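Summary of structural features
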Amino acid sequence: MVTNDYITMNGNGFSKMEEEFIKRHHKHDVKENQCTSSLVKHIKAPIHLVWSLVRRFDQPQKYKPFVSRCVVQGDLQIGSVREVNVKSGLPATTSTERLEYLDDDEHILSMTIVGGDHRLKNYSSIVTVHPEVIDGRPGTLVIESFVVDVPDGNTKDETCYFVEALIKCNLKSLADVSERLAVQDRTEPIERM
């Protein structure tokens, strides 16, 4: 199952560029009792602003509206673990997450959930951030994919729908925060060649 958060260039499904990024960076080892999906968001802000928020494994609350508090154990590096407190309204209060991969050159962040009082077992996600031009200005294409176990009593579709709803909310918030920063940044338009 693949969900596209917003209309893409070809209007149905992912654009060729999006498909290529997903094939290259969003590989998950999906087992029979798991579901997976990839979501796309185009943000009207330059990549440096968007990446500055995404890469902060220690501060997801900067743009993730369901996170009230985050504490990282140790230095911010591969293998670092964060304890996240979740705001009320979700069927969880805590999540323990490990940073699996962080590449500032390629703009890739990957994490897994290793504990918490929720039903997202064996959850792993990859976020990639890519530069693009939107309305003649620097923009950013964000792709987030995940794989997760389907809990007993749920279907793959129900599980994917739930996780996609959370990711869509996070991506919308990421866009809102980034676009607000971009207005303050006053990045100049890109000249068309």
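- As annotated in an unreviewed UniProt entry, the protein chain carries the name Abscisic acid receptor PYL8-like and comes from Herrania umbratica.

**Considerations on the overall build of the protein chain**
- If you tally the helices and strands in the protein chain, you get three helices and seven strands.
- The buried share among the 193 residues of the protein chain stands at 48%.
- The long-range fraction of contacts in the protein chain, counting pairs at least 24 apart against all pairs at least 6 apart in sequence, stands at 55%.
- Accessible area of the protein chain: about 10400 Å², with a carbon and sulfur share of 51%.

**Considerations on the pairing of strand β1 (residues 34–43)**
- Of all ten residues in β1, eight are buried; the element is thus mostly enclosed.
- As paired strands, β1 and strand β7 (residues 137–149) are joined by ten bridges and run antiparallel to one another. Pairing of Val40 across the sheet is with Ile143, part of β7.

**Let's talk about the packing of aromatic side chains**
- In the structure shown here, the tally under the stated rule is one aromatic pair.
- A centroid spacing of 6.0 Å and a plane angle of 10 degrees characterise the contact between Tyr123 and Phe146, whose relative ring orientation is stacked. Here Phe146 lies in strand β7 and Tyr123 lies in the loop between β5 (108–116) and β6 (124–134), a separation of 23 residues in the sequence. Note on accessibility: Tyr123 and Phe146 belong to one class, buried.

Thresholds applied
Residues numbered from 1 in each chain as written. Predicted model: local features only at pLDDT ≥ 70, side-chain atom pairs only at ≥ 80, totals over all residues. Heavy atoms only, no water. Helix = DSSP H or I, 4+ residues; strand = E, 2+ residues; numbered from the N terminus. Buried < 20%, exposed > 50% of the residue type's maximum accessible area, 1.4 Å probe, protein only. Contact = heavy atoms within 4.5 Å. Areas by Shrake-Rupley, 256 points an atom, 1.4 Å probe, with all protein chains shown as cover. Pairing = 2+ DSSP bridges. Phe/Tyr/Trp six-rings, centres within 6.5 Å; stacked < 30°, edge-to-face > 60°.

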